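Each chain, written out:
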There are 2 protein chains.
Amino acid sequence: MNVFRHVVMFRWAEGTTTGQQDEVAARLRELPAVIPEIREYSLGADAGVNPAAYDFVLVADFADRDAYLAYRDHPSHRAVVERYIAPIAAERASIQYTT
Amino acid sequence: MNVFRHVVMFRWAEGTTTGQQDEVAARLRELPAVIPEIREYSLGADAGVNPAAYDFVLVADFADRDAYLAYRDHPSHRAVVERYIAPIAAERASIQYTT
């Protein structure tokens, strides 16, 4: 079945600690429990295979575009972005597509 | 079950035609038939929700890192990259992680 998928990668700023990076992952992992629109939620740090790779990725699946927008604009999601991600993000790459 | 996932996004160069973009998708879609290491292969163009989004994304799953490397370095994959993707790619963002 087709889903509306959101993919986002981040490159963390120089000097970012492992603790800060782990905190981002931990806070994001709490979101599926509070945002019912999330169907699948997969995230992880770069495996270190390719030197030019980004540092962190999130792949999230939703029933449709509206469900994605509910997630994007959900206060709990915005709080994680503002408090934990934005302060350490140097670069961001994202896209949404229908699988 | 955990998989080794490769995610890559492209931003196409200005002036790239829809035909060129469709050709990339079509050529990539031929790869699962010739590279048995590919377990899941999902690709698509940006849905147009967020203005800063990249143009194209591919999410590919493999049993492990070695299976991904077999794909990455496979001549059929390299041919698609060199003939169809590289000539129109302005920006590339990628990461590999274990789900």
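Residues numbered from 1 in each chain as written. Chains lettered and ligands numbered in written order. Predicted model: local features only at pLDDT ≥ 70, side-chain atom pairs only at ≥ 80, totals over all residues. Heavy atoms only, no water.

Once that is clear, we can look at the packing of helix α1 (residues 18-29) of chain A against helix α4 (residues 75-85) of chain A. Residues and elements named next belong to chain A. Put simply, α1 and α4 touch, their axes get as near as 10 Å, and they point 170 degrees apart. It follows that α1 is roughly antiparallel to α4 by the angle criterion. Contacts between α1 and α4 involve Glu 23, Val 24, Arg 27 and Leu 28 on the former and, on the latter, Val 80, Tyr 84 and Ile 85. A class-by-class count of the residues in the contact of α1 with α4 yields five nonpolar, no polar and two charged. (Axes fitted to C-alpha atoms, helices over the stretch in contact; angles between N-to-C directions. Helix = DSSP H or I, 4+ residues; strand = E, 2+ residues; numbered from the N terminus. Parallel < 35°, antiparallel > 145°, perpendicular 65-115°, else oblique. Contact = heavy atoms within 4.5 Å. Nonpolar A, V, L, I, M, F, W, Y, C, P; charged D, E, K, R; others polar.)

A few words now on the sheet that holds strand β4 (residues 89-98) of chain A. Residue and element names in this part refer to chain A. Across the sheet, which stays open at both edges, the four strands sit in the order β2-β3-β1-β4 with antiparallel pairing between neighbours. Two strands close off the open sheet at either side, each with one partner strand: β2 (40-45) and β4. Mean inter-strand twist for the sheet, computed between neighbouring axes without regard to direction, equals 10 degrees. Two elements, strand β1 (residues 4-12) and strand β3 (residues 56-62), share seven bridges in a ladder whose sense is antiparallel. Residue pairing for β3: Phe 4 is matched across the bridge by Phe 62. Sitting on the sheet, α1 touches β1, β2 and β3, and the angle it makes with β2 is about 175 degrees. (Pairing = 2+ DSSP bridges.)

In the numbering used here, UniProt assigns the feature "domain: Stress-response A/B barrel" (unreviewed entry) to residues 4-97 of chain A. The straight-line gap between the two end C-alpha atoms of residues 4-97 of chain A is 6 Å; of that span, 37% is helix and 33% is strand. (UniProt positions renumbered as here; feature names shortened; annotations may be inferred.)

Residues and elements named next belong to chain A. Within this structure, the stated rule accounts for eight salt bridges over all chains. Salt-bridge contacts for Glu 91 lead to Arg 11; the nearest nitrogen and oxygen are separated by 2.9 Å. With a gap of 80 residues between them, Glu 91 in strand β4 and Arg 11 in strand β1 connect regions that are remote in the sequence. (Salt bridge = Lys/Arg side-chain N within 4 Å of Asp/Glu carboxyl O.)

So, about the relation of the copies chain A and chain B. For the pair chain A and chain B, the relating rotation is 180 degrees, the translation along its axis is 0.0 Å, and the fit reaches an RMSD of 0.0 Å. Here the two chains are linked by the operation of a two-fold rotation axis. Residue A:Ala93 of chain A places its C-alpha closer to the rotation axis than any other residue of that unit, at 3.4 Å. Of all interface residues in chain A, 100% are interface residues in chain B too; the two copies therefore contact each other through one and the same surface. (Least-squares fit on C-alpha atoms with pLDDT ≥ 70 in both.)

This next bit is on the interface of chain A and chain B. The figure often quoted for interface size is the accessible area lost as the parts come together. With 29 residues of chain A at the contact, the number on the chain B side is 29 residues. At the boundary of chain A with chain B, total buried surface from both sides reaches about 2300 Å², with 59% on carbon and sulfur atoms. For the pair chain A and chain B, the interface holds zero salt bridges. Taken together, chain A and chain B are joined by 13 residue pairs in polar contact (both at pLDDT 80 or more). Elements represented by at least two residues in the side of chain A that touches chain B include exactly β1, β2, β3, α3 (65-72) and β4 of chain A. (Buried area = accessible area lost by both parts, 1.4 Å probe. Polar contact = N/O pair within 3.5 Å; in protein donor to acceptor, adjacent residues only side chain to side chain.)

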